[in-house]
Amino acid sequence: MMMPKVEIGDDKVLRLSGDLLFSTVVTLRDELLKAIDDQGEGALILDMAGVEKVDSSALSLWLCCQREARNNGREVTVHNLPKDMKSIADLVGLDDYLH
């Protein structure tokens, strides 16, 4: 299992890598939400190209990121969405939240 991590770029891109699973997401959540808060103004991109495995907790993490950004008057979009995460969102009817 690859522990998740977030890398914060100067280009307003937050790059996630590792496994976003129930057993690992909690360790990343606070760091990711703080990174969203610390990025100042403007739109953000959450790049998931480095994400290996996901379960439904990855979708929950994405929804938390969206809520945090909106609470701060910002927008965050996801790039390189893992195929399995898209399938989970489709299954539970939350696929509209990934755009």
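Structure: above.
What counts and what doesn't
- Residues numbered from 1 in each chain as written.
- Predicted model: local features only at pLDDT ≥ 70, side-chain atom pairs only at ≥ 80, totals over all residues.
- Heavy atoms only, no water.
- Disulfide = S-S within 2.5 Å.
- Core = buried A, V, L, I, M, F, W, Y, C linked by side-chain atoms within 4.5 Å.
- Buried < 20%, exposed > 50% of the residue type's maximum accessible area, 1.4 Å probe, protein only.
- Helix = DSSP H or I, 4+ residues; strand = E, 2+ residues; numbered from the N terminus.
- Contact = heavy atoms within 4.5 Å.
- Salt bridge = Lys/Arg side-chain N within 4 Å of Asp/Glu carboxyl O.

**A word on the state of the cysteines**
Alright, step 1. What the rule picks out here adds up to zero disulfides.
Alright, step 2. The thiol sulfur of Cys 64 is not disulfide-bonded, and the nearest other cysteine sulfur, from Cys 65, lies at 7.0 Å.

**Considering the nonpolar core**
Alright, step 1. In this structure, Leu 16, Leu 20, Leu 46 and Trp 62 are the most contacted members of the largest nonpolar core, which totals 28 residues.
Alright, step 2. For this core, the elements supplying multiple residues, two or more each, are β2 (13-20), α1 (22-38), β3 (44-54), α2 (56-71), β4 (76-79) and α3 (83-92).
Alright, step 3. Of the residues forming this core, the biggest block, seven residues, is contributed by α2.
Alright, step 4. The residues touching Leu 16, leaving out its near neighbours within four places in the chain, are Lys 5, Val 6, Leu 28, Leu 32, Leu 46, Asp 47, Met 48, Ala 49, Gly 50 and Val 51.

**Concerning the pattern of salt bridges**
Alright, step 1. This structure, assessed with the given rule, holds five salt bridges.
Alright, step 2. Two residues, Glu 7 and Lys 5, come together in a salt bridge whose shortest N-O distance is 3.5 Å.
Alright, step 3. The closest approach of N and O atoms between Arg 15 and Asp 11, which form a salt bridge, is 3.0 Å.
Alright, step 4. A relative accessible area of 42% means that Asp 11 is categorised as partly exposed.

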